[in-house]
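In case you want the letters, here they are:
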Amino acid sequence: MKLGIVGLPNVGKSTLFNSLTKAGAESANYPFCTIDPNIGIVSVPDERLKKLGDLYHSKKVTPAVIEFVDIAGLVKGASKGEGLGNQFLANIREVDAIVHVVRCFEDSNVVHVDGSIDPLRDIETINLELMFSDIEILERRIAKTSKGARMDKTLAKELDLLERIKAHLEEGRLAKSFVTEDEDEEALRKSYQLLTDKAVIFAANVAEEDLADDGNSNEFVKKVREYAASENFEVFVICAQIEQEIAELEEEEKAMFLEELGLKESGLEKLIKASYALLGLISYLTSGEDETRAWTIKKGTKAPQAAGKIHSDFERGFIRAEVVNYQDLLDCGSLSAAKEKGLVGLEGKEYVVKDGDVILFRFNV
């Protein structure tokens, strides 16, 4: 999974990136201190892996990973070259979802690029810049497609689609809300990788005192939640400064620190849950003496396609899958004990993989 982090300058974007990835991106109290996009790879915390690894005495435990891309803070007019321009938006065209960091705290020591705190205004500023960037992409595609559209019905159909999406964006609406019933059009639209067609998770960055009640008493957070609900987006509340402190602690200290703050989980864990929920993702597990590993797939994926995540040969030569629920396997203490209790299923090509399935694939190429 790949997530792009966006936001205005000085909203806590690079601080959050640092804490999530421990990558040490520069973060300072002035705009545009992030110039090149920063990329960080993060392991997805999954307590099931360690327990399974212990059960199988695995030599290696490999979690699923998320790649974060942090780009320079966007400002009003970025798409027209203001600030650092939109030169970095290309870096997040390929992400699965956008993490939009919104400032929901007052602090006279940290300047806001627009002089006051207003998360809905900030969201609108970023949305407009993403829209302008998308319109630019569509205009280029229209110019290219229109050359051959007179002589080619397929190109003529695509040109019509491009112009309809462009008109939709020019009305101030996100590409995500553009509706088409045509499968070919839907496939084309996805291929454009429009920024406003992506799922969005808002990171409401609050002061430390707002963390304990998950931002429920913070008026700024309420506004962000209302907006997110209207667009079917996710929100998680975070204090980027606290996350940076957590990131520097060992696992045991981290647990104690979270407990002192009255928190059940870190911001990274909140973000991963929100990402998986928004993108409809689950993890299945494979385990053995060599390796225990988590594999991320879309909810509703059938066994052969899930096997293809490991290797294309597994999908091509799929015979069947031996499947046991993770908790059942742990409770029984071994695969053979789970088999004796009838808890291991032999599943065929139509089996839909569930979160927490421990699977052994049988294949022949």
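As shown above, the structure is provided for reference.
In this text, all values refer to a predicted model and were calculated from it rather than measured experimentally.

**Q** Give a description of the packing of helix α3 (residues 119–149) against helix α6 (residues 219–231) that names residues and reports values.
**A** When two helices pack together, their arrangement is captured by the angle between the axes and the distance separating the axes. With their axes 9 Å apart at the nearest point, α3 and α6 run at an angle of 45° to one another. Relative to α6, α3 is oriented oblique. Contact with α3, carried on its side by Pro119, Leu120, Ile123 and Asn127, involves Phe220, Lys223, Val224 and Tyr227 of α6 and no other residues of that element. Among the residues making up the contact of α3 with α6, the classes are represented as six nonpolar, one polar and one charged.

**Q** Which residues make up the packing of aromatic side chains, and what values go with them?
**A** One pass over the full model with this rule turns up five aromatic pairs. Ring centres of Phe202 and Phe233 lie 6.1 Å apart, and the angle between their planes is 65°; on these two criteria the pair is classed as edge-to-face. Here Phe202, found in strand β6 (residues 199–205), pairs with Phe233, found in the loop between α6 and β7 (234–238); they are 31 residues apart in sequence, far enough to count as distant. Residue Phe202 shares its accessibility class with Phe233, and that shared class is buried. In this structure an aromatic cluster arises from ring pairing among Phe202, Tyr227 and Phe233. In this arrangement the basic side chain of Arg103 is found over the ring face of Phe105, its NZ or CZ atom lying 4.4 Å from the centre.

**Q** Can you lay out the pairing of strand β9 (residues 291–298) for me, pointing to particular residues and giving the numbers?
**A** Summarising the sheet, strand β3 (residues 60–62) and β9 pair through three bridges and their orientation is parallel. Each residue of the ladder has a partner; that of Val61, found in β9, is Thr292. Two strands pair when backbone bridges link them, and strand β8 (residues 281–287) and β9 are joined in this way by seven bridges, in the antiparallel orientation. By the bridge assignment for β9, Ile282 is matched with Ile297. Count of turn residues in the β8/β9 antiparallel hairpin: three residues.

**Q** If you had to explain the sheet that holds strand β5 (residues 97–103) to someone new, which residues and values would you point to?
**A** Read across the open sheet, the six strands follow the order β2-β4-β1-β5-β6-β7; overall the sheet is mixed. At either margin of the open sheet sits one strand with a lone partner, and together these are β2 (38–43) and β7. If you compare each strand with its neighbour and ignore which way they point, the axes differ by 25° on average. Set on the sheet, α6 makes contact with β5, β6 and β7; between it and β7 the angle comes to about 160°.

So, how was this worked out
Residues numbered from 1 in each chain as written. Predicted model: local features only at pLDDT ≥ 70, side-chain atom pairs only at ≥ 80, totals over all residues. Heavy atoms only, no water. Axes fitted to C-alpha atoms, helices over the stretch in contact; angles between N-to-C directions. Helix = DSSP H or I, 4+ residues; strand = E, 2+ residues; numbered from the N terminus. Parallel < 35°, antiparallel > 145°, perpendicular 65-115°, else oblique. Contact = heavy atoms within 4.5 Å. Nonpolar A, V, L, I, M, F, W, Y, C, P; charged D, E, K, R; others polar. Phe/Tyr/Trp six-rings, centres within 6.5 Å; stacked < 30°, edge-to-face > 60°. Buried < 20%, exposed > 50% of the residue type's maximum accessible area, 1.4 Å probe, protein only. Lys NZ or Arg CZ within 6 Å of the ring centre and 35° of its normal. Pairing = 2+ DSSP bridges.

Any functional reading would require information beyond the geometric quantities listed.
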